[in-house]
Amino acid sequence: MDLLEPVLFTDAWGSHVSIASLQGRPIPSAEPESELWMGAHESGPCGIVRDGVSTTLADVIRQDPVAELGERCAADFEGRLPFLLKVLAPGRAISIQAHPTAEQARAVRERDGDATYVDDWAKPELLVAIAPFTVFVGMRTPDEVSALAKRLGVPRLTALVEAAATEADPAHALLASILAVPSEEHTGFVRELVAACVRASASRDDEGHQCAAIAHVAEDHPDDIGIAVLLLMHHRVLEPGDYIDVPAGVLHSYVSGLGIEVLANSDNVVRAGLTSKQIDVPELLRIVDPDEDGCSGHAVPDPDLPATERFPSQSDRFALRRLSSPTDVVLPGDGTPRIAFCLHGEVTLTTSGTSLVLGPVRAAYLSARDQKVSVSGSGEVYLVTLPGV
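The paragraphs below set out a description of the structure included in this document. Positions within a chain are numbered from 1, following the residues in the order the chain's sequence is written. pLDDT decides what is reported in this predicted model: residues at 70 or higher carry local features, side-chain atom pairs at 80 or more are listed and counted, and totals for whole chains, interfaces and linings draw on all residues regardless. To obtain the side-chain values, all non-hydrogen atoms of the structure were used and water was disregarded.

Some remarks on the overall build of the protein
For clarity, the threshold we go by: Helix and strand labels come from DSSP, where a helix needs a run of H or I of at least four residues and a strand needs a run of E of at least two; each type is numbered from the N terminus. Computation of the radius of gyration draws on C-alpha atoms, with the globule rule given as 2.2 Å multiplied by the number of residues to the power 0.38. Exposure categories follow from relative accessible area, calculated using a 1.4 Å probe and restricted to protein chains: below 20% of the type maximum is buried, above 50% is exposed, and the middle band is partly exposed. It only takes one pair of heavy atoms within 4.5 Å for two residues to be counted as in contact. Under the convention used here, a 1.4 Å probe and the Shrake-Rupley method define accessible areas, while residue burial counts only the protein chains that appear. Counted as positive: Lys and Arg. Counted as negative: Asp and Glu, with His and the chain ends omitted from the count. For charged residues, the charge sits on one atom: NZ in Lys, CZ in Arg, CG in Asp, CD in Glu.
When you go through the protein residue by residue, the secondary structure sums to twelve helices and 23 strands. By the compact-globule yardstick of 21 Å for 389 residues, the protein fits well, its C-alpha radius of gyration being 22 Å. Counting every position in the protein, which comprises 389 residues, the buried fraction comes to 55%. Contacts spanning at least 24 positions in sequence make up 74% of the contacts within the protein whose residues lie at least 6 apart. Taken as a whole, the protein presents about 15,900 Å² of accessible surface, with 50% of it coming from carbon and sulfur. Side chains of the protein carry 30 positive and 56 negative charges; the gap between the two charge centres is 1 Å.

Topic: the pairing of strand β8 (residues 125-139)
Here is the rule we go by: DSSP calls a pair of strands paired once it identifies at least 2 bridges connecting them.
Within β8, twelve of the 15 residues are buried, which leaves the element mostly enclosed by the surrounding structure. Pairing of β8 with strand β10 (residues 242-246) involves four bridges; the strand directions are antiparallel. Among the inter-strand pairings, Leu126 is bridged to a residue of β10, identified as Asp245. For β8 and strand β11 (residues 252-264), the ladder comprises ten bridges, and the chain directions are antiparallel. Paired with Val135 across the two strands is Tyr254, which belongs to β11.

Thoughts on the sheet that holds strand β19 (residues 347-351)
Spatially, four strands are ordered β17-β22-β19-β20 in an open sheet, and the strand pairing comes out antiparallel. The open sheet has two edge strands, β17 (329-330) and β20 (354-358), and neither has a second partner. Two strands pair when backbone bridges link them, and β17 and strand β22 (residues 374-377) are joined in this way by two bridges, in the antiparallel orientation. Its bridge partner lying in β22, Val329 is registered against Val375.

Concerning unusual backbone geometry
Leaving glycine aside, a negative phi is the common case for residues, and trans is the common case for peptide bonds. Along the chain, Ile27 connects to Pro28 via a cis peptide bond; the corresponding omega equals 0 degrees. Looking at the element boundaries, Pro28 is found in the loop between α1 (18-22) and β3 (35-38). Despite not being glycine, Glu78 has its phi angle at roughly 60 degrees, a positive value. We note that Asp328 has phi near 50 degrees; this positive angle belongs to a residue other than glycine. Examined against the element boundaries, Asp328 turns out to sit in the loop between β16 (319-324) and β17. A residue is classified by how much of its surface remains accessible, and Asp328, at 56% relative accessible area, is exposed.

Thoughts on helix α10 (residues 206-220)
Operational definition: To estimate how far a helix should reach, multiply one less than its number of residues by 1.5 Å.
The terminal C-alpha atoms of α10, which comprises 15 residues, lie 22 Å apart, in line with the 21 Å expected from a rise of 1.5 Å per residue. Buried residues belonging to α10 abut β8, α6 (142-152), α9 (186-200), α11 (226-230), β9 (233-238) and β11.

Observations regarding the pattern of salt bridges
To keep it simple, the criterion reads: The rule for a salt bridge is simple: a side-chain nitrogen of Lys or Arg has to be within 4 Å of a carboxyl oxygen of Asp or Glu.
For the structure on display, the rule yields 22 salt bridges. A salt bridge links Arg106 to Asp120; the nearest nitrogen and oxygen atoms lie 3.8 Å apart. Separated by 14 residues along the polypeptide, Arg106 in helix α5 (residues 102-112) and Asp120 in the loop between α5 and β8 bring together distant segments of the chain. A salt bridge links Arg156 to Glu185; the nearest nitrogen and oxygen atoms lie 2.6 Å apart. Taken together, the positions of Arg156 in helix α7 (residues 155-164) and Glu185 in the loop between α8 (170-179) and α9 put the pair 29 residues apart, joining distant regions of the chain. A single salt-bridge network, built from bridges that share partners, covers Asp2, Arg50, Glu68 and Arg369.

Description of a negative patch on the surface
For clarity, the cut-off: Like-charged residues within 9 Å of one another, or nonpolar side chains (Val, Leu, Ile, Met, Phe, Trp, Tyr) within 5 Å, are grouped into patches, provided each residue has over 30% relative accessible area and no salt bridge.
A contiguous patch of negative charge on the surface is contributed by Glu167, Asp169, Asp289 and Asp291. Take Asp169: it is sitting in the loop between α7 and α8.

That's the geometry; what it means functionally is another story.
Quick look at the structure:
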């Protein structure tokens, strides 16, 4: 068992209070803090100390992937830890984006190298809210979008919706036509939409709440064509304990809040707005699945473990459980890698006479060699394992 030193990221879209408050540091932080990574991703591998030597989890796994990951995991995932755990703290909306399937990424890389995708993995994600968390995720039906467009009364949007309705695939056609609006016309179009959203936000129904959220996003992303894309998406507010499972092809943007995220160890992203980065429209249209918006819900009891809940997911890269004040609960996953993260309180991990104490916002890496690890204490623990474990 190894205590992990997480990696803190300071992106412009982060929060000045969320992560610092969790860690008991002074607020506001000097820079906006967006993510706390716990894993072996090449862009931010956690620090660990092995045999008195400071190193990174990525280096340890690279030196002996079979011993660290187990023979099957090492073979299935090319000697890489297949998952990454994060604390996610957006203070403003993250870019609207989607991720390809492994097959889609592999086909593009065979054709274009790493110009579009840096690896040939899918990037499924699962987000659990630990404070109220606002998201836009998945695409509304064409009828729902048409009804909203009529309510907003912006002539250009209405015309685009009506034109898309005549196409064989209205959802893709409308997304394509919005992203095809010339850049010099974004300002006028988006400002009309925002003004209409402000007026509609006076309503207390779901569309009114969505319009209010879009108007709020526009404060941080003025004149961005992504504002129009948000009108095509579902707006949801996750309460603490709620989660969403986001497989490949699902359009999504995380707007504000604080959450625990587990995802596949990949950097493959295609954006659709709320960003200054490139928007690859043809590739976006190729990978977005308007019929797939993932699932949302609550954790369900784990029938095999006391004091434990699990978060059902479509992913073939990870599984996530939550343990609350466990007493000598033996963790699943012997012979495979795991990450245990204590969000609140304190717990003790024990194996073969060795113990490791995790306080608030601390994590441990359990290698394939760590057998019969038990956990006890008054804390709330998130455990990431391979699926099916």
